[in-house]
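Examining the three-dimensional arrangement
Chain residues, written in single-letter form:
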Amino acid sequence: SDDRIATVGTTNLDYRSLYHHFECGALIIDNSAVTEIKDDFINTLQISQQITSKDCTPPIPIRLFQDVLRLFAPLM
């Protein structure tokens, strides 16, 4: 965030991740790895593309299937 501190990990901020899964994250302070992480992030941004809401809207049959599966999500 400021060329001094970086965090890397798999931590997701949702109920299932925080209470049922073992999420992992590393906080790195005053280490040369912070610069490497920043450089990697900048390089990734250069080859990334913007995703719009249209890209995230599945066809109707898939949406219906997802809605059915969503009913069972609390049981998993």
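I will try to describe carefully the structure that is included in this document. (Residues numbered from 1 in each chain as written. Predicted model: local features only at pLDDT ≥ 70, side-chain atom pairs only at ≥ 80, totals over all residues. Heavy atoms only, no water.)

1. Focus: the overall build of the protein
Definition in use: Only runs of H or I of at least four residues qualify as helices and only runs of E of at least two qualify as strands under DSSP, and these elements are numbered from the N terminus. Each radius of gyration reported is based on C-alpha atoms, and the globular scaling rule is 2.2 Å times the count of residues to the power 0.38. Categorising residues by exposure relies on relative accessible area from a 1.4 Å probe, with only protein chains included: less than 20% of the type maximum marks a residue as buried, more than 50% marks it as exposed, and the intermediate range marks it as partly exposed. Contacts between residues were defined by any pair of non-hydrogen atoms, one from each residue, lying within 4.5 Å. The Shrake-Rupley method, run with a 1.4 Å probe, gives the accessible areas here. Residue values count only the displayed protein chains as cover. Within this scheme the basic residues Lys and Arg register as positive and the acidic residues Asp and Glu register as negative, but His and the chain ends are omitted. Where a charge sits is defined by one atom per residue type, namely NZ (Lys), CZ (Arg), CG (Asp) or CD (Glu).
Broken down by element type, the protein carries 3 helices and 2 strands. Going from the N terminus to the C terminus, the protein shows its helices and strands as β-α-β-α-α. Taking 11 Å as the expected radius of gyration for a compact globule of 76 residues, we find that the protein reaches 18 Å, considerably beyond that expectation. Referenced to the eigenvectors of the C-alpha coordinate spread, the extents of the protein come out at roughly 50 × 30 × 15 Å. Counting across all 76 residues of the protein, residues that qualify as buried make up 5%. For the protein, the share of sequence-separated contacts (at least 6 apart) that also reach a separation of at least 24 residues comes to 36%. For the protein, the accessible surface area stands at approximately 7,200 Å², while carbon and sulfur atoms represent 61% of it. For the protein, the centre of its 6 positive side-chain charges and the centre of its 10 negative side-chain charges are spaced 12 Å apart.

2. With respect to the environment of Asn31
Our working definition: Polar contact is the term for a pair of N or O atoms within 3.5 Å; when the atoms are in protein, one must be able to donate a hydrogen and the other to accept it, and sequence-neighboring residues count only if both atoms are side-chain atoms.
Mapped onto the secondary structure, Asn31 falls in the loop between strand 2 (25–29) and helix 2 (32–46). It is 9.5 Å that separates the C-alpha atoms of Asn31 and Asp3, two residues lying 28 residues apart in sequence. Of note is the side chain of Asn31, whose polar atom sits 2.9 Å from the backbone nitrogen of Ala33.

3. Topic: the packing of aromatic side chains
Test applied: Centres within 6.5 Å are what make two rings of Phe, Tyr or Trp a pair, Trp counting through its six-membered ring; a difference in plane orientation under 30 degrees is then read as stacked, over 60 as edge-to-face, and the rest as tilted.
Under the defined criterion, the tally for this structure stands at 1 aromatic pair. Ring plane angle 35° and centroid distance 5.0 Å describe the contact between Tyr15 and Tyr19, whose orientation is recorded as tilted. Of this pair, Tyr15 and Tyr19 are both found in helix 1 (residues 15–19), 4 residues apart, which corresponds to roughly one turn of the helix. We classify Tyr19 as exposed; its relative accessible area is 61%.

4. What about the environment of Lys38?
Within the secondary structure, Lys38 is located in helix 2. Residues Lys38 and Asp3 lie 35 residues apart in sequence; the distance between their C-alpha atoms is 7.6 Å. For Lys38, the side chain forms a polar contact with the side chain of Asp3, separated by 2.7 Å.

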